[in-house]
Amino acid sequence: MSTPLQTVQTYIPPGFIDLGVGNPQPELLPLPMLRNAAQDRLSRGDNDFLQYGAEQGDGYFRDALAKFLAPRYGFPVSHDDLFVTAGNSSALDILCGLFTNPGDTVFVEEPTYFLALRIFADHDLNVVSIPTDEAGPVMDDLIHALGEHRPKFFYIIPAFQNPGGHTIPAERRKELVSLAEHHGFLILADEVYQFLAYTQDAPQPFGAHIRSDRVVAMNSFSKILAPGLRLGWTQAHPSIMQRLNACGLLDSGGGMNPFTSAIVQALIENGGLDKNISHLVDVLGKRVQIMDAALREHLPQARFTTPHGGYFFWIQVPGVDAEDLQKKAQAHNVGLRPGIRFSSRSGLNDYFRLSVSFYNEDEIQQGILRLRDCLKT
Ligand SMILES: Cc1ncc(COP(=O)(O)O)c(C=O)c1O
């Protein structure tokens with residue numbers, strides 16, 4: 001018998017509420033907006049975007065993106081500083097390929113985005129994790145680890161972290177850059193949640209620090225438009241940009257996603273991207289309030305900090321093994337992501353991650369009630 005034909009990565013059975021899933025809800029993917037932008041762009045007469053693209057990415061797209069970013073970032077952004085990627089996963093993979101060799105050590109936060117760990121495993125990297133607090137990596141632990149290792153890079157998620165929810169304040173960002181310069185490692189800043197700010201803005205992104213040749217700031221349209229676009233951008237010092245532009249992948253295939261870039265350029269220029277971000281901030285911000293209230297009412301044993309942005313609640317229930325809880329929760333038709341998935345040292349067993357991205361307010365409340373019932377047993 002042949003396997004069923006599959007389109008999307010994650011299948012959730014009907015009736016199941018998987019609060020662990022970090023994908024955007026299908027209703028939040030802006031099809032009409034993209035249809036209009038595509039219609040507009042594909043009727044303009046030129047067809048350059050069907051050709052192998054410029055290695056750094058379509059210049060007109062980078063220009064539109066730079067103009068979009070500068071006022072929101074609060075510092076000048078030039079199209080020269082932007083490199084178009086197929087999203088942060090692809091950026092990470094390329095950077096690992098260019099800047100590491102198998103067996104090299106890299107640092108990550110504990111907890112960290114679990115699928116980045118998979119990319120580092122593909123490159124046979126030795127991962128060392130640095131504990132985090134409410135303000136990101138604990139600097140004393142980082143300094144101690146730098147006494148023992150010479151990492152090629154430190155992968156961080158500085159704004160509304162996945163899964164921790166925390167944001168690194170401006171002062172600690174500066175200290176990180178100083179340490180990177182002093183010890184000669186790169187900072188790979190994955191800023192996919194930067195624009196999803198509900199109750200507090202994140203500090204300026206790491207693009208503010210690219211005068212340093214130790215900083216790479218990565219962002220993506222996956223969380224502000226749609227992951228299926230496979231489109232993102234990276235900001236870095238000219239020396240890093242040169243390495244990226246000269247890589248074999250681009251020499252052979254040309255720049256990333258010229259076709260998608262052209263459509264997203266039209267969407268940026270007609271104000272669609274701005275509108276979409278405002279809509280997401282509105283919808284997801286309300287969901288955070290709903291999940292927060294439901295957790296406080298129904299799961300009083302849960303310890304967490306209300307996130308100011310992003311997708312995630314990072315919850316500790318002391319004494320509860322979250323992998324066991326996940327198995328039991330299946331029977332209650334509710335899902336979560338156990339903390340151990342976000343640990344590179346098999347820790348964080350009594351933590352789990354919940355997301356507001358995939359379910360509406362009623363479903364979130366329903367999901368928390370199911371979790372309450374599950375915890376009672
Ligand atoms: C921290 C983080 N980085 C990267 C990604 C994936 O990004 P992209 O779709 O741009 O590859 C995600 C998606 O969940 C994420 O949470």
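Everything below is about the structure shown above.
Reading guide: rules and limits
- One numbering rule holds for all chains: residues counted from 1, following each sequence as written.
- Restriction of local features to residues with pLDDT of at least 70 applies here, the model being predicted, together with a cutoff of 80 or more for giving and counting side-chain atom pairs; totals for whole chains, interfaces and linings are based on all residues.
- Side-chain calculation: all heavy atoms of the structure are included, whereas hydrogens and water are not.
- Under the DSSP-based scheme used, a helix requires at least four consecutive residues in state H or I and a strand at least two consecutive residues in state E, with every element numbered from the N terminus.
- It is over C-alpha atoms that the radius of gyration is taken, and the globule rule equals 2.2 Å times the number of residues to the power 0.38.
- When a residue's accessible area, from a 1.4 Å probe over protein chains only, is under 20% of the maximum for its type it is buried; when over 50% it is exposed; and in between it is partly exposed.
- We call two residues contacting when some pair of their heavy atoms lies within 4.5 Å.
- For the area figures, the Shrake-Rupley method with a 1.4 Å probe applies, and any residue is considered shielded solely by the protein chains shown.
- In plain words, nonpolar cores are sets of buried Ala, Val, Leu, Ile, Met, Phe, Trp, Tyr and Cys residues tied together by side-chain atoms within 4.5 Å.
- We call a residue near a molecule or strand when any one of its heavy atoms sits within 4 Å of it.
- In the analysis that follows, any N or O atom pair within 3.5 Å is treated as a polar contact, provided that within protein one partner can donate a hydrogen and the other can accept it, and provided that, for residues neighboring in sequence, both atoms belong to side chains.
- Think of a salt bridge as a Lys or Arg side-chain nitrogen and an Asp or Glu carboxyl oxygen that are within 4 Å of each other.
- Note on pairing: two strands pair once DSSP finds at least 2 bridges between them.
- With its strands directed away from the observer, a crossover is right-handed exactly when the path from the first strand over the helix to the second travels clockwise.

> How should I be thinking about the overall build of the protein chain in this particular structure?
In terms of regular secondary structure, the protein chain is built from 12 helices and 13 strands. Computed over C-alpha atoms, the radius of gyration of the protein chain comes to 21 Å, within 12% of the 21 Å expected from 2.2 N^0.38 for 377 residues, which places it in the range of a compact globule. If you line up the protein chain on its principal axes, its C-alpha atoms span 60 × 55 × 50 Å. Buried positions account for 56% of the 377 residues belonging to the protein chain. Considering only residue pairs separated by 6 or more positions, the protein chain has 75% of its internal contacts joining residues 24 or more positions apart. Summed over its atoms, the accessible surface of the protein chain is roughly 16800 Å², and 50% of this surface lies on carbon and sulfur atoms.

> Would you mind going over the nonpolar core with me for this structure?
Where a protein is soluble and globular, its nonpolar side chains tend to be buried together. By size, the foremost hydrophobic cluster in this structure holds 104 residues, and its most contacted members are F120, Y155, F221 and L354. Looking at this core element by element, the count peaks at 10 residues for helix α10 (residues 272–298). Not counting the four nearest positions on each side in its chain, F221 is found in contact with F61, L65, A226, L229, L231, G232, W233, V264, I268 and L273.

> In this structure, what is going on with the site of the ligand? I would like to understand it.
Around the ligand sit 14 residues in total, of which S89, D190, Y193, S220 and S222 are the nearest. Between the ligand and the protein, one listed contact pairs an oxygen atom with a side-chain N or O atom of S89 at 2.5 Å. Side-chain polar atom of Y193 to an oxygen atom of the ligand: 2.6 Å apart, as the coordinates give it. Burial of the ligand by the surrounding chains reaches 92%, relative to a free accessible area of 400 Å².

> What should I look at first to understand the pattern of salt bridges in this one?
Opposite charge on two side chains permits them to pair, given that their charged atoms come into close proximity. Within this structure, the stated rule accounts for 14 salt bridges. Measuring nitrogen to oxygen at the nearest pair gives 3.0 Å for the salt bridge that ties R172 to D133. In this pair, R172 sits in helix α6 (residues 170–183) while D133 sits in strand β4 (residues 126–133), placing the two residues 39 residues apart along the sequence. On the basis of relative accessible area, R172 is assigned to the buried category, the value being 16%. Within the structure, one salt-bridge network assembled from shared partners comprises D40, R44 and E269.

> Would you explain the pairing of strand β3 (residues 105–110) in this entry?
Strand residues, when the strand is regular, have side chains that alternate between the two faces of the sheet. Most of β3 sits inside the fold, with 6 of its 6 residues counted as buried. Here 6 bridges tie β3 to β4, and the two strands are oriented parallel to one another. By the bridge assignment, E110 is partnered in β4 with P131. On the question of chirality, the crossover connecting β3 to the parallel β4 by way of helix α4 (residues 114–122) is right-handed. Pairing between β3 and strand β6 (residues 153–156): 2 bridges, direction parallel. Paired with V108 across the strands is Y155, a residue of β6.

These results come straight from atomic positions and should not be treated as a statement about function.
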